[in-house]
Amino acid sequence: MQNINSHRVFRRNEVQADPEGDYVLYWMQTNHRLQYNYALDYVVGWANKLNKPLLIYEELTCDYHWASDRIHTFYMEGMAEHLAMAERKGIDYLPVVEGTPGESRALLGHLLERACCLISDEYPVFFIRERNERLGEELAVSFTTVDSNGLIPLGITDKAPYNAYFFRKIMQRHFLECYSSPPDRHPLEGLEQPGAVELDDKAKQARQKSAERLQNIAAFTASLDISHEVKAIELKGTRQAALGKLGQFIQHGLSKYDEQRNDPDARVTSGLSPWLHFGKISEFEIVQAVLNHQPKPWNLDDITYNNGSTGGFFNGDPNVDSFLDEVITWREVGFHFAHHEPAYDQYESLPEWALETLEQHRHDDREHIYELEELAQSQTHDELWNAAQTQLREQGVMHNYLRMLWGKKVIQWTPSPEIALAYLIELNNRFAIDGRDPNSYSGIFWCFGRFDRAWQERPIFGKVRYMTSKSARRKLKLDQYLKEYGRQQNLEG
Ligand SMILES: Cc1cc2nc3c(=O)[nH]c(=O)nc-3n(C[C@H](O)[C@H](O)[C@H](O)COP(=O)(O)OP(=O)(O)OC[C@H]3O[C@@H](n4cnc5c(N)ncnc54)[C@H](O)[C@@H]3O)c2cc1C
């Protein structure tokens, strides 16, 4: 029988691995971690099979969409952590931080000349999806991508799940098998030829230059032609920071998650999405850490297939159930959707019922209309919306409940749903440190009806679910939140 993890492997071309090459090349594109990484398990297997060393290549280009001090700094902090670890442990790791567009591409081309094969990360959105597709057609070297994004392999589903219930059924059917085939905690320990790659002068120079850039991140990013308005944030892009956040959540947030997760003032959610987005931490280890906190004598035998219902599956602490539903079902439904739907970021990919009802209400009166930059600078009449946007602009994060409201209001304040969609994608991906993710598109398109059902008909929204700031304020106190982010906005005038 095939191992479940074989559904994570995507052969991108028909070229066979070259046994005469000098090394196996792993290009760490999206899951930026050296632990619990299915792609590394696969790569180490190939290196050992071919009897070759492994070269881990991680690059940061400077001309990607939405490039900013914020994204660059977070990313480079993670690379600096990898470099320090590689030096400590003798790992063949080559970081390339480019100063001018095309630098890293040229170096990758150079490295490929000596590679037996190229293995990289599978990712269903953003430029990485297109780049993997293009490279599959162009490269003369064997090219494979491996899905280390979540617990349920992307290759398990055969079509885009249309809602969470549909995907939850698949998740429940495969959970135990997937959970019992985990990624290796320290995959590089299985490597038979560690530290054996001989870099040539060109690669050594690139490594040296990048190491210098990684030592002085702020000065380096300031010298680049990227957005400096979107500033670096307090959160650190390291695995150490991610593990710290997980520990804090388990200690302080998990036991209140089910009841209080919708209340921004309660601060009980994990705050892990930035590190999940950059793959600094694996979903597997989060699930494992949380399951280890089930009240005893719970064990895996208590898990019961429950036909896609949220409750009655893990059968332990409701807080654990509730959190795992977010981190597995809600997180992964977006990955599987985008994997099967190339138009995942296009308005036309909305469900028929949503397209129809939004069309019927296209010409409804809008009381307020805002331009993109007015929204970006929190200049609306709505205090709560402005506070949420201020948090996003200044700190790069926003609570899930406010994010839903934030998205819904933009539909109400723009001339058409297509413009609302374009503005939301722009604002989310420009400012959110977890943006440009399959869940950016899940969350934004959810505001327009994806993964949802029809509700009572209203102006502008039609049958798409509607939310108001008033009812948010009635349900939640939000005093602390408004004090914090409303005040910042007033201070800025
Ligand atoms: C308009 C809009 C835009 C969004 N944009 C993004 C985005 O750019 N990147 C992003 O990662 N998420 C996005 N989300 C989903 C969700 O808001 C965030 O994942 C969540 O707020 C992250 O906070 P947390 O880590 O504290 O979540 P927790 O509640 O601690 O949940 C743990 C993890 O589960 C996953 N998760 C939780 N809620 C959701 C959800 N509703 N949908 C999908 N996954 C979820 C996330 O990976 C999260 O880190 C968006 C939602 C909306 C409505």
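Bear in mind the structure is a predicted one, so any value in this text is a computation, not a measurement.

Description of the overall build of the chain
Stage number 1. The helix and strand tally for the chain stands at 20 helices and six strands.
Stage number 2. Scaling as 2.2 N^0.38, a compact globule of 493 residues should have a C-alpha radius of gyration of about 23 Å, and the chain matches this with 23 Å.
Stage number 3. For the chain, the C-alpha atoms occupy an extent of roughly 65 × 55 × 40 Å along the three principal directions.
Stage number 4. Within the chain, residue pairs in contact and separated by at least 24 positions form 79% of the contacts whose partners lie at least 6 positions apart.
Stage number 5. Each charge sign in the chain was given a centre, from 54 positive and 72 negative side chains, and these centres are 4 Å apart.

Points about the site of the ligand
Stage number 1. As a matter of local geometry, the ligand sits amid 23 residues, with Y257, S270, G271, N400 and S440 nearest to it.
Stage number 2. Within the side chain of Y257, an N or O atom sits 2.5 Å from an oxygen atom of the ligand.
Stage number 3. In the environment of the ligand, an oxygen atom lies 3.0 Å from a nitrogen or oxygen atom belonging to the backbone of L272.
Stage number 4. At the level of elements, α10 (273–277), α12 (318–340), α16 (400–412) and α18 (438–446) are the ones that each hand at least two residues to the shell around the ligand.
Stage number 5. The leading source of residues in the shell around the ligand is α12, at five residues.
Stage number 6. Counted by class, the shell around the ligand contains nine nonpolar, ten polar and four charged residues.

Brief notes about the UniProt feature "domain: Photolyase/cryptochrome alpha/beta" (unreviewed entry) in the chain
Stage number 1. Listed under "domain: Photolyase/cryptochrome alpha/beta" (unreviewed entry) in the UniProt record, and renumbered for this structure, are residues 22–154.
Stage number 2. In residues 22–154, the share of helix is 43% and the share of strand is 21%. The end C-alpha atoms are 31 Å apart.

Observations concerning the packing of α16 against helix α17 (residues 417–431)
Stage number 1. Across the interface, α16 lies against α17 with an axial gap of 9 Å and an inter-helix angle of 140°. When you trace α16 past α17, the crossing you get is right-handed. Taking contact as the criterion, the partners of R403, W406, G407, V410 and I411 in α16 are, on α17, A420, Y423, L424, L427 and N428.
Stage number 2. Residue composition of the contact of α16 with α17, grouped by class: seven nonpolar, two polar and one charged.

Considering the nonpolar core
Stage number 1. One finds L54, I56, F175, L324 and F448 to be the most contacted residues of the largest nonpolar core, which totals 142 residues.
Stage number 2. Among the elements that take part in this core, α12 stands out by supplying nine residues, more than any other.
Stage number 3. Each of domain 1 (1–342) and domain 2 (347–492) contributes no fewer than three residues to this core.
Stage number 4. L324 has contacts with V287, V290, L291, F314 and T329, leaving out every residue within four places of it along the chain.
Stage number 5. Core analysis: the second largest hydrophobic core is formed by 21 residues, L25, L135, V141 and F143 among them.

Looking at the pattern of salt bridges
Stage number 1. One pass over the structure, following the stated rule, counts 22 salt bridges.
Stage number 2. Among the ionic pairs, E283 bridges to R331, the shortest N-O distance being 2.6 Å. Linking E283 in helix α11 (residues 283–291) with R331 in helix α12, this pair joins segments that are 48 residues apart in sequence.
Stage number 3. The salt bridge involving R465 is made with D452; its shortest N-O contact spans 2.8 Å. Placement of the pair is R465 in the loop between α18 and α19 (469–475) and D452 in the loop between α18 and α19, with a sequence separation of 13 residues.

Remarks on the domain arrangement of the chain
Stage number 1. Partitioning the chain into domains gives domain 1 (1–342) and domain 2 (347–492).
Stage number 2. Each of domain 1 and domain 2 was reduced to a C-alpha centroid, and the two centroids are 28 Å apart.
Stage number 3. Counting residues at the interface gives 33 residues for domain 1, matched by 33 residues for domain 2.
Stage number 4. Of the roughly 2800 Å² buried between domain 1 and domain 2 on both sides combined, carbon and sulfur atoms contribute 62%.
Stage number 5. Counting every contact that joins domain 1 to domain 2 gives one salt bridge.
Stage number 6. For the salt bridge of E484 with R267, the shortest nitrogen-to-oxygen distance reads 2.8 Å.
Stage number 7. Along the contact surface separating domain 1 from domain 2 lie 15 residue pairs in polar contact (both at pLDDT 80 or more).
Stage number 8. Contributing elements (two or more residues each) for the side of domain 1 that touches domain 2: α2 (69–89), α10 and α12.
Stage number 9. No other element matches the six residues that α12 contributes to the side of domain 1 that touches domain 2.
Stage number 10. Partitioning the side of domain 1 that touches domain 2 into residue classes produces 19 nonpolar, seven polar and seven charged.

As for the packing of aromatic side chains
Within a pair of aromatic rings, the relevant descriptors are the distance that separates the centres and the angle that separates the planes.
Stage number 1. This model, assessed by the stated rule, comprises 26 aromatic pairs.
Stage number 2. Note on F313 and F314: the rings are 4.7 Å apart at their centroids and 70° apart in plane angle, and the pair reads as edge-to-face.
Stage number 3. F314 sits in the buried class, given a relative accessible area of 3%.
Stage number 4. With 4.8 Å between their ring centres and 50° between their planes, Y481 and Y485 make a pair best called tilted. With Y481 and Y485 both in helix α20 (residues 479–492), this residue pair falls four residues apart, about one helical turn. Residue Y481 shares its accessibility class with Y485, and that shared class is buried.

A short note on unusual backbone geometry
Stage number 1. The linkage connecting K296 with the following residue, P297, adopts the cis geometry, with an omega of 10°.
Stage number 2. Take P297: it is sitting in the loop between α11 and α12.
Stage number 3. Even without being glycine, N51 reaches a positive phi, approximately 60°.
Stage number 4. For N51, the position within the fold is in the loop between α1 (38–50) and β3 (54–60).
Stage number 5. A positive phi is found at N315, a non-glycine position, where the angle reads about 55°.

Reading the values: the criteria
- Residues numbered from 1 in each chain as written.
- Predicted model: local features only at pLDDT ≥ 70, side-chain atom pairs only at ≥ 80, totals over all residues.
- Heavy atoms only, no water.
- Helix = DSSP H or I, 4+ residues; strand = E, 2+ residues; numbered from the N terminus.
- Rg over C-alpha atoms; globule rule 2.2 N^0.38 Å.
- Contact = heavy atoms within 4.5 Å.
- Lys, Arg positive; Asp, Glu negative; His and termini not counted.
- Charge placed at Lys NZ, Arg CZ, Asp CG, Glu CD.
- Near = heavy atom within 4 Å.
- Polar contact = N/O pair within 3.5 Å; in protein donor to acceptor, adjacent residues only side chain to side chain.
- Nonpolar A, V, L, I, M, F, W, Y, C, P; charged D, E, K, R; others polar.
- UniProt positions renumbered as here; feature names shortened; annotations may be inferred.
- Axes fitted to C-alpha atoms, helices over the stretch in contact; angles between N-to-C directions.
- Left-handed = near helix turned anticlockwise from the far one by under 90°.
- Core = buried A, V, L, I, M, F, W, Y, C linked by side-chain atoms within 4.5 Å.
- Buried < 20%, exposed > 50% of the residue type's maximum accessible area, 1.4 Å probe, protein only.
- Domains from an automatic or database assignment.
- Salt bridge = Lys/Arg side-chain N within 4 Å of Asp/Glu carboxyl O.
- Buried area = accessible area lost by both parts, 1.4 Å probe.
- Phe/Tyr/Trp six-rings, centres within 6.5 Å; stacked < 30°, edge-to-face > 60°.

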